[in-house]
Structures are given as structure tokens and as C-alpha cells.
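# Breakdown of the fold
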Amino acid sequence: MKALITDIDAAGKRLDAWLSAQLAPDLSRNRIQALITSGQVTIDGKVVSETKHKLRDGMNIEIIVPEPEDATPLGEDIPLDILYEDTDLIVINKPAGLVVHPGNGNWTGTLVNALIHHCGDTLSGIGGVKRPGIVHRLDKETSGVIVVAKNDLAHRHLSAQFADHGRTGDLERAYLAIVWGTPDRTTGTIDAHLGRSHRDRTKQAIVHEEREDARHAVTHFEVLERFGAREDSTALASLIECQLETGRTHQIRVHMTHIGHPLVGDMEYGGAYKTKANKFDEPLQSIVKGFDRQALHARLLAFEHPITGEIMRFEAPLPEDMAELLEAFRGYSL
């Protein structure tokens, strides 16, 4: 329980606003509003459940902050490749095939389930619930670096960094992708709005910027290698690095398909290339046919630590399946 006494500066202010200022950064305004409406705040011994309640000088306010509730998802003993961990956050090298958060069709076996089990009592609660704070996500079949918050303060700070997309801060995200063909420039920027596809609502599509659900999306890319390069400057496939200026669902996958170079293995956005491997000699043909996910890996993540202010930088090597695919393309000649 926390006990406070208002002063002359509090007179006329809203209860939730004043408490937010007094209790920051430990409790967010949303959390305080939830505590007020649930009857956890008293003024001069009487419960006040109105967030807009006006204050006067000399009021005795008590606020009860319950222990964090157990998380709704259950903890599961799922192995994790931990790159870094402290009391505020944890950085994971996520394998392909692992869903980040429980949802339709994936209520168990997710990264969240694994983190609840692993972190245990070090989770001090996000919004009053013992759960990890997801500030960004990777698609199920995308591998690589992901950071997760352990408490409200870290969650808010990291969320703000990802919302800013590194425009004014130190956030940096870099992905490696193997794509069909090769862009006509070594470096470039794709600036195209994304929205839900009319044909399949589970997929994203390039949409007009004035459409109601349009979200601005910018991807910068650099061609690192070309495989099976031809005299006319085309190629069989390419290894590219993508850096995100925004972080939209399926952004890299949709943007690369938009410029005519879908990711190898991406059946959602590059299904037209499904039979391309039939023309290859072995072992490339079998390796490409057996690669059953989009060839995308979150190689690098850098951010400011939410408590210490230190710039944290993490890299994850290519997973075995993508490294094998890369070497097969490198060894192929037309």
C-alpha cells in the first residue's frame, strides 16, 4: 500500500493525473486508472472509483497495489537460446517455427509460454499481470534476435523506442534475406503503404496511402551477394540485408515481393516461384524444395537499455537451415 497527502499544487487536479505524476515511473497512468476503477484507491478513508475526481489540499490518499496476478498463459519448459538477461529484460535468439505470442491456433508452445516458465518470479508484472512484455514480434517462421521486457518500466521504455523506429534514438534492426532474382540497384529504399489484403485478410498488401487502414512502411535494402549472376546483370537469387525504418506486419516479405524479388521459401507472398526449383541441378534443387519457410533472419538488434541507458547490441548467426541454403546457392553455377 502507498500513502500520499495532497498539497496546494494538487488542488483542482484529476486524481489519476496527480497519482501518475507522484508514482511515475513505477506505475503507468493506465495501471493507476485500473486501480482506481477497481476500488483500490481511498481518499480520507473512503473508496473513490472516479478517475476524474478533483483533489483538494490536505487529502489523505491510499492506493493498494495488489501482487501481480498469475499469467493467463501457462509456463512451459521450452528450451531458449538466451543471448542476454537481467532483471529488466531478456534477449532471445528465436528459432524459426516458434510463435511469439499465444493466439488463434497457437495457445501453447509459444515464446511467451517459455518465458513465463523461465523467468518465474523475475517477472514483476506488465499491467499487474506476471507476463513478459512483448514490444516487437517476429513472424513464426522468421528466426533471430528479439528483446522482451520483464516489468512495466522496461516495457514502456522499449515500446517507445520501437514506436520511434530509431529516428531519434539508437534503435537499429537488420535482417538477412535470400530473395529470388536481384534488385537492379545495389542499395535502395522501398517506401510503400501496407494494409490488409482484400483477397486474404490474414495477409498484407501494398495499398493506396489514403486507404483507411494504410500504414506507412519503409524498408532500406543492400545487396550483399548475387548467385548465378548473368551478363545482363540479372541473377538467380541474392542475399540482401534489410534495415527497417518502420515495423509493420510482414513488411520485408511484402516489400520485396512488391519489387519483384520475393523471399525464397515464402509461400504466402512468393507462391508463384514454388516450381522454380524444378529447373535446378542437385543438391540445390532438393535443398530449395526442402526449405519450408521464408528465408528471413533477424541478424542484428541494438537499443538503449531502459534503466541504465547503455547501448545494447546483439547479433545472431544464421541458423543451420538458412546457412545450408546460402551455401547451396553459392555453389550453384548456371
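All of the points below concern the structure found in this document. For clarity, every value in this text was computed on a predicted model and none was experimentally measured. (Residues numbered from 1 in each chain as written. Predicted model: local features only at pLDDT ≥ 70, side-chain atom pairs only at ≥ 80, totals over all residues. Heavy atoms only, no water.)

## Re the sheet that holds strand E4 (residues 60-63)
Pairing between the strands of a sheet is mediated by backbone hydrogen bonds and can be parallel or antiparallel. Rules: Any two strands are treated as partners once DSSP identifies two or more bridges connecting them. Going along the chain from the N terminus, every DSSP run of H or I of four or more residues is numbered as a helix, and every run of E of two or more is numbered as a strand. Only heavy atoms matter for contacts: two residues are in contact if any of them lie within 4.5 Å across the pair. To obtain each axis, a line is fitted to C-alpha atoms, and for helices this fit is confined to the stretch in contact; angles are then taken between N-to-C directions over 0 to 180 degrees.
Strand order in the open sheet formed by four strands is E1-E4-E2-E3, with antiparallel pairing between adjacent strands. Each having just a single partner strand, strand E1 (2-5) and strand E3 (46-47) make up the two edges of the open sheet. Helix H1 (residues 15-23) rests against E1, strand E2 (41-43) and E4 of the sheet, and its axis sits at about 110° to E1.

## Some remarks on unusual backbone geometry
Selection rule: Classification of residues uses two cut-offs on accessible area relative to the type maximum, computed with a 1.4 Å probe and protein chains only: under 20% is buried, over 50% is exposed, and between them is partly exposed.
Geometrically, the link from Glu 282 to Pro 283 is a cis peptide bond, its omega value of 5° lying close to zero. By secondary structure assignment, the location of Pro 283 is in the loop between helix H5 (251-258) and helix H6 (284-290). Positive phi is not limited to glycine here, since Asp 44 has a value of about 50°. Mapped onto the secondary structure, Asp 44 falls in the loop between E2 and E3. Judged by relative accessible area, which is 43%, Asp 44 ranks as partly exposed.

## Structural notes on the packing of aromatic side chains
Counted only if it meets this: When two rings of Phe, Tyr or Trp (its six-membered ring) have centres within 6.5 Å they constitute a pair, described as stacked for plane angles under 30 degrees, edge-to-face for angles over 60, and tilted for the intermediate range. We call a charge positioned over a ring when the NZ of a Lys or the CZ of an Arg lies within 6 Å of the ring centre and within 35 degrees of the ring normal.
A complete count under the given rule lists seven aromatic pairs for this structure. One aromatic cluster is present, built from ring pairs that chain together Trp 180, Phe 227, Tyr 273, Phe 280, Phe 329 and Tyr 332. Lys 203 extends its terminal NZ or CZ atom over the ring of Tyr 269, reaching a point 5.2 Å from the ring centre.

## Quick word on the side chain of Asp 86
Defined as follows: All tallies of charge rest on Lys and Arg as positive and Asp and Glu as negative; His and the ends of each chain are not included. By definition here, a salt bridge exists when the distance from a side-chain nitrogen of Lys or Arg to a carboxyl oxygen of Asp or Glu is within 4 Å. Two N or O atoms count as a polar contact when they lie within 3.5 Å, although within protein this holds only if one can serve as hydrogen donor and the other as acceptor, and sequence-adjacent residues are included solely when both atoms are side-chain atoms.
Counting through the fold element by element, Asp 86 comes out in the loop between strand E5 (82-85) and strand E6 (89-94). For the buried Asp 86, no salt bridge exists, and the shortest N-O distance to an oppositely charged side chain is 6.0 Å, to Lys 150. Separated by 2.8 Å, the side chains of Asp 86 and Tyr 84 make a polar contact. A distance of 2.8 Å separates a polar side-chain atom of Asp 86 from the backbone nitrogen of Asp 88.

## Side note on the nonpolar core
Short version of the rule: To form a nonpolar core, buried Ala, Val, Leu, Ile, Met, Phe, Trp, Tyr and Cys residues must be joined to one another through side-chain atoms within 4.5 Å.
Counting residues in hydrophobic clusters, the biggest one holds 28 residues, and the most contacted among them are Tyr 175, Ile 252 and Met 256. Those elements giving two or more residues to this core turn out to be E6, helix H3 (111-119), strand E8 (143-149), strand E9 (172-180), strand E13 (218-227), strand E14 (237-244), H5 and strand E15 (296-304). Among the elements that make up this core, the one with the highest residue count is H3 (five residues). When neighbours within four sequence positions are excluded, Tyr 175 is seen to be in contact with Leu 138, Ile 240, Glu 241, Cys 242, Leu 244, Ile 252, Leu 296, His 297, Ala 298 and Arg 299. The next biggest cluster of nonpolar side chains, apart from the first, holds 21 residues, and it includes Leu 236, Ala 237, Val 264 and Leu 284.

## Side note on empty space enclosed by the protein
Empty space among the atoms becomes visible once a probe the size of a water molecule is rolled across them. Applied cut-off: Points on a 1 Å grid over protein atoms alone make up a cavity when a 1.4 Å probe fits among them but cannot get out, and a pocket when they form an open set with protein on both sides within 12 Å along at least five of seven lines; lining residues each have an atom within 4 Å of a point. Grid points are joined across faces, edges and corners, and a volume is the space filled by probe spheres set on the points. Under this grouping Gly is polar, as are all residues other than the nonpolar Ala, Val, Leu, Ile, Met, Phe, Trp, Tyr, Cys and Pro and the charged Asp, Glu, Lys and Arg.
Per the counting criterion, the structure on display carries one cavity of 30 Å³ or more. A volume near 30 Å³ is recorded for the largest cavity. Around the largest cavity sit His 136, Val 145, Arg 173, Ala 174, Tyr 175, Ala 298, Leu 300 and Leu 301, which together line it. Of all elements in the fold, only E9 and E15 reach the threshold of two or more residues within the lining of the largest cavity. Per-class residue counts for the lining of the largest cavity are six nonpolar, one polar and one charged.

Any functional reading would require information that these geometric values do not contain.
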